Number of protein chains: 2
Amino acid sequence: MIKNFVQYIELEEPRLGNNTADVERLKAALAKNIGTIEKGRGYPENERIQEKFYFPTTLAADIPLKLRQWNHKAKVVLFKDSMGWRVVDVLAPERDNPVFGVAVDLGTTRIVLRLINLETLASCGEIGFDNPQAKIAPDVLARIHHARTEDGLKELQQLVISDMNQHIHELCKNYLFSNHIDDSESLLIAHSIHLLTVAGNSAMTHLFLGIDPSFLIREPYIPAVNVPEPLDARELGIEINQRGMVYLFPNIGSYFGGDLISGILFAQLHKKDSPCIMVDVGTNAEVIVGYRDWLIACAGAAGPALEGGISNMGMTAKPGVIDRIKIDPVTGVVDVHTIDDKPPIGICGSGMIDLAAELFISGMLDIRGKFVPERCKDRYFEKDGVGSFRVAGGIVLSQVEMNSLTSSKAAMYSILQVIIEKTAGLQFDDLAKFYVAGTFGSFINPKSAISIGMLPDIPIDKFEVLGNSSLEGAAKLLINPDAFDEIEQIRQSITYIELNVNQEFMNIFSGAKFYPHTDISRFPSVKSLSL
Amino acid sequence: MIKNFVQYIELEEPRLGNNTADVERLKAALAKNIGTIEKGRGYPENERIQEKFYFPTTLAADIPLKLRQWNHKAKVVLFKDSMGWRVVDVLAPERDNPVFGVAVDLGTTRIVLRLINLETLASCGEIGFDNPQAKIAPDVLARIHHARTEDGLKELQQLVISDMNQHIHELCKNYLFSNHIDDSESLLIAHSIHLLTVAGNSAMTHLFLGIDPSFLIREPYIPAVNVPEPLDARELGIEINQRGMVYLFPNIGSYFGGDLISGILFAQLHKKDSPCIMVDVGTNAEVIVGYRDWLIACAGAAGPALEGGISNMGMTAKPGVIDRIKIDPVTGVVDVHTIDDKPPIGICGSGMIDLAAELFISGMLDIRGKFVPERCKDRYFEKDGVGSFRVAGGIVLSQVEMNSLTSSKAAMYSILQVIIEKTAGLQFDDLAKFYVAGTFGSFINPKSAISIGMLPDIPIDKFEVLGNSSLEGAAKLLINPDAFDEIEQIRQSITYIELNVNQEFMNIFSGAKFYPHTDISRFPSVKSLSL
């Protein structure tokens, strides 16, 4: 096993008794570095396999002279594909030609890049930008439709790649600036980037690779490819080292993408001793439950019950957006916190959940999720027969928006209940950890989410926020080559369940539309709070 | 095991219960076609390995729509690299889009192409042309030196590739013409060529790939690469299908190239039940002896003894060149045969050997290889003290040329003696077959070669002329994918011996300079012939 994609090797010197060719001596030196590997489960025990290396023929062109100039030493950049190790580049054995990688979270809304030194494994900066495809089509569905128009796919692909190139350049400039290196060399650093690991959902992955995504959204929801082989950065037009390679995290299905595999890798769900759950609330609600023995993933184009559902709660977090709310149950005073303490301009998802929880606990919201006018007092008003609640400044929440939140929280809980109880045959209490992934999850207050019956009523300390787990997983692969095998292990051990919106689901969903739930015994901690 | 690089597959249709991605279903269908393989020696017995397939990501771009248009059937072009199978292209399942391959003998002097239909396995034409690198430098050594000048390597590579493109086009045109298909479509046929298998010596292989060949000719004689991975035709600028691949036969060492591996493959030396020998007389004399248990190869930049040696005998075969000679030992009448029965313009190698044999048998040449003036009669004359023999018309053979032939034949026999007796520990009589490869070998009369002591005195019926074994081996690979594993088996079972021109060799060489040999007991059949 190797700890690093960058290997220092020392070749046996050629002599009359050892006239093996240069490339083959280089491979032998690599094999010596890496040694034999012991395969895990699925293989006969104790079987040891000699690693093989793919050495692209074009890379051999100037190898003879270089190796002799370098006194038969070299720094080799490695990567892996489904067949095994691949030599990406052969560099001078010095330390002053750094080798970088970039981890990419290829989000539908936002794309984040992190520069990583592949030798020191240090993070060297991060940069984020809005996915430029949104200019053409805001959501995944619309982008897939656009991809079917003439040159639409190419256009969507080029938008992302062009912006990515620009921001890779920016990332390099920032790195150079913060390290007091002359700015003009930033292209040189881009040239030092040899690997890109990209985690995105299935649709984003297809669009990024320029692969027809049409059938992702048509029954029976078939991706073109689940495990794309790494490809040359050049082939994609990505401006890093000309021999650089790009890896895309594999999908499980149309609605279970590489971003989640990356998240599982980061959370190390596949190595836990007892069942845990990971919930990623993005465009869809994706849930993975399991541990080292099995993993069940549940996601899907869930029907009307979830439409416009969980992800649509509130606005995107930015300065002035209300992200935390407190209501004094006695005085009814509403205390809001806005991002950067700017005057309020709207409410984001976590603010919405806080608000609903506080309204419910202070009796301003009934168990059906309807405003109680006499408790809301002067904060309540009606317009065209629709009740509304004045939050702060001019920010108002209507009953329609509250109903939507109610649907969303019910959908979330129903999905969790189906996967934990019906599918995995567990109780919520059996869960050792509850990981919340995705940017939305980062801001959520689990206590509020429990209060409204969105998340199950388990001890607060079991909740753990993962942050941008998609990016973290992509970064983990760059600093830990073993992760290749982990990804394959995760992929193979996942049972993927399409969420069926059937009668049983609808019954569960109906019960979950109450605050916190029709079956109040499911929420003992909330029961004790409410009046 | 598969019989064909073109596989017809039928994919499982996607449905809700089977929502595997398209590419993965395609791979599964291929695996079903090919099944598991049983590994040969070197692997634990009875171990069965599931074949894996590398599917280039760029190939996935339009797969979803195509597969549905083709009703989930397809024709897949496969190839192999050191890691395993590789999908080259996915085509419509119809029969009217033929898939071709081209086998290439990449000779130092001449290049020959053969068009092969990869589905019917039929040969569809052949074309040959002089290696255009000869314009720049006649021999391998000079070309390697030229490759070290600025842009010299690129120039040499481009010369061959440009001429190859032109002749591939020609080959396609000829095929269309002979099949009465409209000429304008010849580009379409070139587009149907998906595979190129190329067998050349180590230097030609390096130059073809644009790989620095400098160290092939410098002690300790190290190739840059022995087993080049197949590469994209596009990368080399070869104008066949844009997804086409080019395979180069592997080298064993600087002086033992892919042309010989190809020859061994064609002769099936590695499968023989008892020891056989294969001799390729080209720029160097290359000899392989062995059978299914072992193979010993002997080649080399043999020192002064062989310089300008065997290959320099006579001129290249062309119309008017004397290729067969008979001398009536009683009347002394010289009966010459010229190619195409044209007036004589010179003598080729086989003619030289015939001449020497006939001269010796009729007593016109003594055992030291010197003309016997009183036997040569009026055909003998001297100029500036050097004797000469008038062959036919104005064609004359001088004692200097005869001495050179003597050296060559002695070198050949010495090499054979060293490898058979000293290295393999066999007697010539132990050989079941004596294969003569290379164009030079094609015309040789073994009886004459035995008479002058160039080839060992074994029964004539053991000699077998292989013709252009390099081309035949390259063609064999195209029509028999199993040959991949055979090539690897050949490569691994060869012990490569550099011919050392030491005192012992020089002693053997001195003895072999006599006609037929100082040790006349080695040539009982010749003994009985000579007076």
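Source: prediction; values computed, not measured. (Residues numbered from 1 in each chain as written. Chains lettered and ligands numbered in written order. Predicted model: local features only at pLDDT ≥ 70, side-chain atom pairs only at ≥ 80, totals over all residues.)

**Notes on the overall build of chain A**
No. 1: What chain A contains, in helices and strands, is 17 helices and 24 strands.
No. 2: A globule of 531 residues ought to have a C-alpha radius of gyration of about 24 Å, and chain A, at 26 Å, matches this closely.
No. 3: For chain A, the spread of C-alpha atoms along the principal axes amounts to about 95 × 55 × 45 Å.
No. 4: Excluding contacts between residues fewer than 6 apart, the proportion of contacts in chain A whose partners are at least 24 apart in sequence is 66%. (Helix = DSSP H or I, 4+ residues; strand = E, 2+ residues; numbered from the N terminus. Rg over C-alpha atoms; globule rule 2.2 N^0.38 Å. Contact = placed C-beta atoms within 7 Å.)

**So, the interface of chain B and chain A**
No. 1: Between chain B and chain A, the contact holds 44 residues from the first and 43 residues from the second.
No. 2: If you list the elements that add at least two residues to the side of chain B that touches chain A, you get helix H1 (22-34) and helix H2 (63-69) of chain B.
No. 3: Looking at the side of chain B that touches chain A, its residues break down into 25 nonpolar, nine polar and 10 charged. (Nonpolar A, V, L, I, M, F, W, Y, C, P; charged D, E, K, R; others polar.)

**As for the sheet that holds strand S19 (residues 380-383) of chain B**
Residue and element names in this part refer to chain B.
No. 1: In space, the three strands of this open sheet follow the order S19-S20-S21, with antiparallel pairing throughout. Edge positions in the sheet fall to S19 and strand S21 (395-398), since each has one partner strand and no second. On average, each strand axis in the sheet is tilted by 40° relative to the strand beside it, whichever way the strands run.
No. 2: Strand direction decides the pairing type here: strand S20 (residues 386-392) and S21, joined by four bridges, are antiparallel. Note on S21: the bridge partner recorded for Ala 392 is Ile 395.
No. 3: Of the strands in this sheet, S20 and S21 touch helix H11 (residues 399-423), which is tilted by about 65° from S21. (Pairing = 2+ DSSP bridges. Axes fitted to C-alpha atoms, helices over the stretch in contact; angles between N-to-C directions.)

**Notes on the relation of the copies chain B and chain A**
No. 1: Note on the copies: chain B fits chain A at an RMSD of 0.1 Å, the axial shift is 0.0 Å, and the rotation between them is 180°. Here the two chains are linked by the operation of a two-fold rotation axis. The position closest to the rotation axis in chain B is occupied by the C-alpha of Met 83 of chain B, lying 3.0 Å away. (Least-squares fit on C-alpha atoms with pLDDT ≥ 70 in both.)

**Structural notes on the sheet that holds strand S19 (residues 380-383) of chain A**
Residues and elements named next belong to chain A.
No. 1: Across the sheet, which stays open at both edges, the three strands sit in the order S19-S20-S21 with antiparallel pairing between neighbours. Every other strand in the sheet has two partners, leaving S19 and strand S21 (395-398) as the edge strands with one partner each. Taking each pair of neighbouring strands and ignoring which way they run, the sheet shows an average axis angle of 40°.
No. 2: Here helix H11 (residues 399-423) sits on the sheet and contacts strand S20 (386-392) and S21; the angle it forms with S21, its principal contact strand, is near 65°.

**Considering the nonpolar core**
No. 1: Membership of the largest hydrophobic core comes to 325 residues, with the highest contact counts inside it found for Val 198 of chain A together with Val 198 of chain B.
No. 2: Setting aside chain neighbours within four positions, we find Val 198 of chain B in contact with Val 104, Leu 106, Phe 208, Val 246, Tyr 247, Leu 248, Phe 249 and Ala 474 of chain B. (Core = buried A, V, L, I, M, F, W, Y, C linked by C-beta atoms within 7 Å. Buried ≥ 20, exposed ≤ 12 C-beta atoms within 10 Å, placed from the backbone.)

**Brief notes about unusual backbone geometry**
Glycine aside, residues mostly have negative phi angles, and peptide bonds mostly take the trans form.
Residue and element names in this part refer to chain A.
No. 1: For the bond from Glu 219 to Pro 220, the omega torsion is 0°, close enough to zero to count as cis.
No. 2: Here Pro 220 is to be found in the loop between helix H6 (202-209) and strand S11 (231-232).
No. 3: Despite not being glycine, Asn 71 has its phi angle at roughly 60°, a positive value.
No. 4: Mapped onto the elements of the fold, Asn 71 is located in the loop between helix H2 (63-69) and strand S5 (73-81).
No. 5: Given 11 C-beta atoms within 10 Å, Asn 71 falls into the exposed group.
No. 6: Phi at Tyr 221 is positive, roughly 60°, even though this residue is not glycine.
No. 7: Within the element layout of this structure, Tyr 221 appears in the loop between H6 and S11.

**Let's talk about the environment of Ala 475 of chain A**
Residue and element names in this part refer to chain A.
No. 1: As for its placement among the helices and strands, Ala 475 is situated in helix H14 (residues 469-479).
No. 2: In this structure Ala 475 comes out as buried when scored by C-beta crowding, with 27 C-beta atoms within 10 Å.
No. 3: In this structure the C-alpha to C-alpha distance between Ala 475 and Val 289, which are 186 residues apart in sequence, comes to 23 Å.
No. 4: Look past the residues within four positions of Ala 475 in its chain and what remains in contact with it is Ala 103, Arg 114 and Ile 116.

**So, the confidence of the model for chain A**
All names here are of chain A.
No. 1: The predicted model of chain A has a mean per-residue pLDDT of 89, with 92% of residues at 70 or higher.
No. 2: Counting contacts from residues 301-309, a segment whose pLDDT is below 50, to residues more than four positions away or on other chains yields 12 contacts.
No. 3: Confidence metrics for the complex model read pTM 0.90 and ipTM 0.90. (pLDDT = per-residue confidence, 0-100.)

**Description of the domain arrangement of chain A**
Residues and elements named next belong to chain A.
No. 1: Split into domains, chain A comes out as domain 1 (6-91), domain 2 (100-248), domain 3 (268-307 + 405-518) and domain 4 (317-403).
No. 2: With centres defined by C-alpha atoms, the gap from domain 3 to domain 4 works out at 27 Å.
No. 3: Taken together, the contacts link 14 residues of domain 3 with 19 residues of domain 4.
No. 4: The residue inventory of the side of domain 3 that touches domain 4, partitioned by class, reads nine nonpolar, five polar and no charged. (Domains from an automatic or database assignment.)

**Section: the packing of helix H3 (residues 140-147) of chain B against helix H4 (residues 152-178) of chain B**
A pair of packed helices is captured by two measures, namely the crossing angle of their axes and the spacing between those axes.
Residues and elements named next belong to chain B.
No. 1: Remark: H3 packs on H4, axes separated minimally by 6 Å, with the N-to-C direction vectors making an angle of 125°. Classified by the interaxial angle, the pair formed by H3 and H4 is oblique. Counting all contacts with H3, which are made through Arg 143, His 146 and Ala 147, the residues of H4 involved are Gly 152, Leu 153 and Leu 156.
No. 2: Looking at the contact of H3 with H4 residue by residue, the class counts come to three nonpolar, two polar and one charged. (Parallel < 35°, antiparallel > 145°, perpendicular 65-115°, else oblique.)

**Section: the pairing of strand S15 (residues 295-299) of chain B**
Residues and elements named next belong to chain B.
No. 1: Of all five residues in S15, five are buried, a share of seventy percent or more.
No. 2: Alternating positions in S15 separate into two faces, Leu 295, Ala 297 and Ala 299 on one and Ile 296 and Cys 298 on the other, with burial throughout.
No. 3: The turn joining strand S14 (residues 285-290) and S15, which pair antiparallel and follow one another in sequence, is formed by four residues.

**A short note on the environment of Glu 488 of chain B**
No. 1: Examined against the element boundaries, Glu 488 of chain B turns out to sit in helix H15 (residues 483-493).
No. 2: As a C-alpha pair, Glu 488 of chain B and Gly 349 of chain B span 139 residues in sequence and 34 Å in three-dimensional space.

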